[in-house]
Amino acid sequence: MTLLMFDTSAPPWRQAMAASITAPDDLSQTLPVDVQGLTRVAQAYPMRITPHFLALIREHDGPIGKQVIPHPDELSGQSLLPDPLCEESQSPVPGLIHRYPHHALFQVENQCAVYCRHCLRKRKVGGMKAVSTDLIEQGIEYIKARPEIREVVLSGGDPLVMEDSRLMLILEKLRAINHVKTLRIHTRVPGALPQRITQDLAKSLASLHPLYMNIQFNHPLEITSESEEACRILADRGIPLGCQTVLLKGVNDDGKVLRQLLEELLRIRVRPYYLHQLDRVRGAAHFHVPISQGVAFMQGLRGRIPGTAIPNYVVDLPGGGGKAPLPESIVGHEGNTVLIRNFEGKVFRYEKGD
Ligand SMILES: *Cc1c(COP(=O)(O)O)cnc(C)c1O
Ligand code: SF4
C-alpha cells in the first residue's frame, strides 16, 4: 500500500484512511494526551485511528480510547515475548502460519485500519513494507502442495485494507485450489472503517462462497449505525459473520458490558464466535484479565442472553499449541502458571501474571 494523500476522487474509505490520525500530536488538539511520551510509544508500535473510530472516543482512557491510543505501559513488561505463540517458527513461508494440520492462517497484509494496542502481532503490524507478491505466491504454492489444508484464513494486518483487485486476486487463486473447501477473512474493518464495505466488495466476496468472515468488536460503542450497515451489506450477500472479541481490562471486563456487546452483535447478525483470553505478548500486559475472571464472566452468560450470543472462551497457547477452550482445558495450576491441555493432549503453561 502506498502512502495516502487527500484525493477527493479516491473512494470514501481511502479518504478516511488518509484522514486517520497516525501521530499523538494530532490527538492533542482534541484529547489531553502527553504528546512526547506517547510519541515514543508510537515509534515502537504504530498508531492509526480512523475518523470513524475517533468519533467514538469520549475519553482518552475510556473503552474505545484505550484500544487505539498508545500508552506508556506498552514499553514496560519487557520480560514477555514479542511472539509468545511462536508464529514465526510455525511459518513454513514467512506470513503463512501452519499450526493446525487442516487449516492455515495467511497474513497477506501488514497494515490495519486501526492499530489495536493489545494486538497479538504488534511486533510486526504497521510496517511500511508491503507483503511482497512473491511471498504471497510462495504461500499459495505451499497451500497448493498440501491437500490436507481444507481452510485458509486470511489475516494480517487486516486483509480488507487491500484494494479490491489485489484481495480478489489472492482469494481467486485460493478458490481455484480444489482441496481448499472454505475461505475465511479475519478483519476489524466493519467496525473501524465501515465505508470500506461497499456493495461491490461484498458482491465480489460472495462470488467465492463458501466464504466466512470473523470481525473483531470489543465494546458495544463500536456498534454504530455505520458498522451495522456494513454488516448488513455482508450478511445480505450470504457471508456468515462471526465475532472475535478480546477480553480487555478497562474495555470489556465487566459482565454487563459483555452481555450488552454480545446481544448487540446478535442483533446486527454477527454471531459471537470467540472470547479471547489476552495473549501474553510484550507491550499488552496492561490489558491482562485473569482467566478466573473470564470464566466467571462466561458463567454469567448462560440463561441471561440467548445461547446463539454465547461465544467460546479460548486461550491461544504460548508455545504454539493452538487454541484451547476455557475452563475445560485446564488440567492444573503450578505456582503462577495455569496448565492447559491442547487438542493433541499436550500440556502448555500460561502465566497467570496477576
Ligand atoms: C486462530 C488460528 C486459526 C483459526 O482457528 P479456529 O479455531 O479455526 O478459528 C488458524 N491458524 C492459526 C495459526 C490461528 O492462530
Ligand atoms: S486489526 Fe487485528 S492485526 Fe490489526 S492491530 Fe488490530 S488486532 Fe492487530
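All values derive from a computational prediction rather than experimental measurement.

Let's shift gears to the site of ligand 2. Around ligand 2, the neighbouring residues are Cys112, Val114, Tyr115, Cys116, Cys119, Val125, Gly157, Arg188 and Gln216. For ligand 2, the cavity whose grid points lie within 2 Å of the majority of its atoms is the largest pocket. Within the shell around ligand 2, the residues separate by chemical class into six nonpolar, two polar and one charged.

Parsing the chain into structural domains produces domain 1 (12-75) and domain 2 (96-351). Opposite the 26 residues of domain 1 that make contact, domain 2 presents 35 residues. At the boundary of domain 1 with domain 2, total buried surface from both sides reaches about 2600 Å², with 61% on carbon and sulfur atoms. Considering only the side of domain 1, the residues that lose the most area to domain 2 are Trp13, His52 and Gln67, jointly responsible for 28% of the buried surface there. At the surface where domain 1 touches domain 2, the tally comes to three salt bridges. Across the salt bridge formed by Arg117 and Glu74, the nearest N and O atoms sit 3.0 Å from each other. Of all the secondary-structure elements, those providing two or more residues to the side of domain 1 that touches domain 2 are helix 1 (12-18), helix 4 (51-54) and helix 5 (65-68). Top contributing element to the side of domain 1 that touches domain 2 by residue count: helix 1, with five residues. Considering only residue class, the side of domain 1 that touches domain 2 consists of 16 nonpolar, four polar and six charged.

Cut-offs and rules
Residues numbered from 1 in each chain as written. Chains lettered and ligands numbered in written order. Predicted model: local features only at pLDDT ≥ 70, side-chain atom pairs only at ≥ 80, totals over all residues. Heavy atoms only, no water. Near = heavy atom within 4 Å. 1 Å grid on protein atoms, 1.4 Å probe; cavity = no way out; pocket = protein on both sides within 12 Å on 5 of 7 lines; lining within 4 Å. Sits in = over half its atoms within 2 Å of the grid points. Nonpolar A, V, L, I, M, F, W, Y, C, P; charged D, E, K, R; others polar. Domains from an automatic or database assignment. Contact = heavy atoms within 4.5 Å. Buried area = accessible area lost by both parts, 1.4 Å probe. Salt bridge = Lys/Arg side-chain N within 4 Å of Asp/Glu carboxyl O. Helix = DSSP H or I, 4+ residues; strand = E, 2+ residues; numbered from the N terminus.

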